[in-house]
Amino acid sequence: MKTGDARKMEANLTALAETGIDLRLALFERFFAAFPVRFESFISVDAASRRMTDETLQMMLGLAKGQSWVWPLVAELVFTHRSYGALPIEEYDAFIDITVEELGIALGDAWDADCAAAWGRGADALKYMIRKARAEWKSAMPAGAPQLAE
């Protein structure tokens with residue numbers, strides 16, 4: 001992450017709130033279009049979409065701020081996602097990328113190359129952390145335990 005990223009990201013989230021746009025709607029529409037089989041994994045899309053969108057944005061912002069709470073949250077989420085089956089890393093990556101893309105679309109003219117770069121660094125850091133958590137959980141699980149998809 002780069003100095004100033006957190007400030008830009010916070011300003012983007014404030015601007016998003018001012019637009020009144022509910023980012024999760026377009027985000028989940030695109031995610032389910034890309035991964036239609038995943039729709040069946042959700043008991044309540046409304047509840048999960050709110051939480052997942054907020055957590056994804058918060059984790060990227062937390063990484064930009066160097067917050068220590070991000071790692072334990074990512075590690076926990078990666079572990080608990082095992083109950084939905086072996087989720088391919090491509091789904092995690094796509095969800096994060098679509099989140100950033102939809103944020104840019106929602107912000108319109110308020111979105112620029114610096115904003116895209118800041119969120120891109122946050123997305124890359126979160127993807128790295130997810131991979132790290134998956135590797136650590138895989139190595140910690142006993143033989144025969146359900147594994148994470150590669």
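Here the structure is shown first, and the text comes after it.
Rules and cut-offs
Residues numbered from 1 in each chain as written. Predicted model: local features only at pLDDT ≥ 70, side-chain atom pairs only at ≥ 80, totals over all residues. Heavy atoms only, no water. Helix = DSSP H or I, 4+ residues; strand = E, 2+ residues; numbered from the N terminus. Buried < 20%, exposed > 50% of the residue type's maximum accessible area, 1.4 Å probe, protein only. Contact = heavy atoms within 4.5 Å. Polar contact = N/O pair within 3.5 Å; in protein donor to acceptor, adjacent residues only side chain to side chain. Phe/Tyr/Trp six-rings, centres within 6.5 Å; stacked < 30°, edge-to-face > 60°. Expected span 1.5 Å × (residues − 1). Core = buried A, V, L, I, M, F, W, Y, C linked by side-chain atoms within 4.5 Å.

Chemist: Can you help me understand the environment of W119 in this one?
Modeler: Summarising the element assignment, W119 is placed in helix 6 (residues 113-140). For W119, a relative accessible area of 0% translates into the label buried. As for W119 and L57, which are separated by 62 residues in sequence, their C-alpha atoms are 9.2 Å apart. Excluding residues within four positions of it along the chain, W119 makes contact with M9, N12, L13, L57, M60, V100, L103 and W111. A polar contact is formed between the side chain of W119 and the side chain of N12, at a distance of 2.8 Å.

Chemist: Got a minute to help me understand the packing of aromatic side chains in this structure?
Modeler: Two descriptors summarise a pair of aromatic rings, namely the distance from one centre to the other and the angle between the planes of the rings. Within the structure shown, the criterion is met by 7 aromatic pairs. Plain terms: the ring middles of F28 and F31 are 6.5 Å apart, the flat faces sit at 65° to each other, and that makes the pair edge-to-face. Of the two residues, F28 and F31 are both situated in helix 2 (residues 23-34); the distance of 3 residues between them amounts to about one turn of the helix. F31 carries the same exposure label as F28, and that label is buried. For F28, a relative accessible area of 4% gives the class buried. Put simply, the rings of F28, F31, F32, F35, F39 and F95 touch in pairs and so form one group of aromatic residues.

Chemist: Honestly, helix 3 (residues 45-64) in this entry has me stumped. Any pointers?
Modeler: With 20 residues, helix 3 extends 28 Å from end C-alpha to end C-alpha; this agrees with the ideal 28 Å at 1.5 Å per step. The positive-phi residue at the C-terminal boundary of helix 3 is G66, with phi of around 70°.

Chemist: How should I be thinking about the side chain of T56 in this particular structure?
Modeler: Residue placement: T56 occurs in helix 3. What makes T56 buried here is its relative accessible area of 6%. A polar side-chain atom of T56 sits 2.7 Å from the main-chain carbonyl oxygen of M52.

Chemist: What exactly am I supposed to notice about the environment of A118 here?
Modeler: For A118, the position within the fold is in helix 6. When its relative accessible area of 0% is taken as the criterion, A118 is described as buried. The sequence separation of A118 and M60 amounts to 58 residues, and the corresponding C-alpha distance is 9.5 Å.

Chemist: What exactly am I supposed to notice about the nonpolar core here?
Modeler: One broad rule of soluble globular proteins: the nonpolar side chains tend to lie buried together. Membership of the largest hydrophobic core comes to 32 residues, with the highest contact counts inside it found for M60, V74, L103, W119, L126 and I130. Listed by contribution, the elements that provide at least two residues to this core are helix 1 (5-19), helix 3, helix 4 (70-80), helix 5 (89-107) and helix 6. Residue contributions to this core peak at 8 residues, all from helix 6. Setting aside chain neighbours within four positions, we find L103 in contact with L16, L23, L57, W111 and W119. By size, the runner-up hydrophobic cluster in this structure holds 11 residues, among which are L27, F31, M52 and F95.

No statement about biological role is implied by the geometric values presented.
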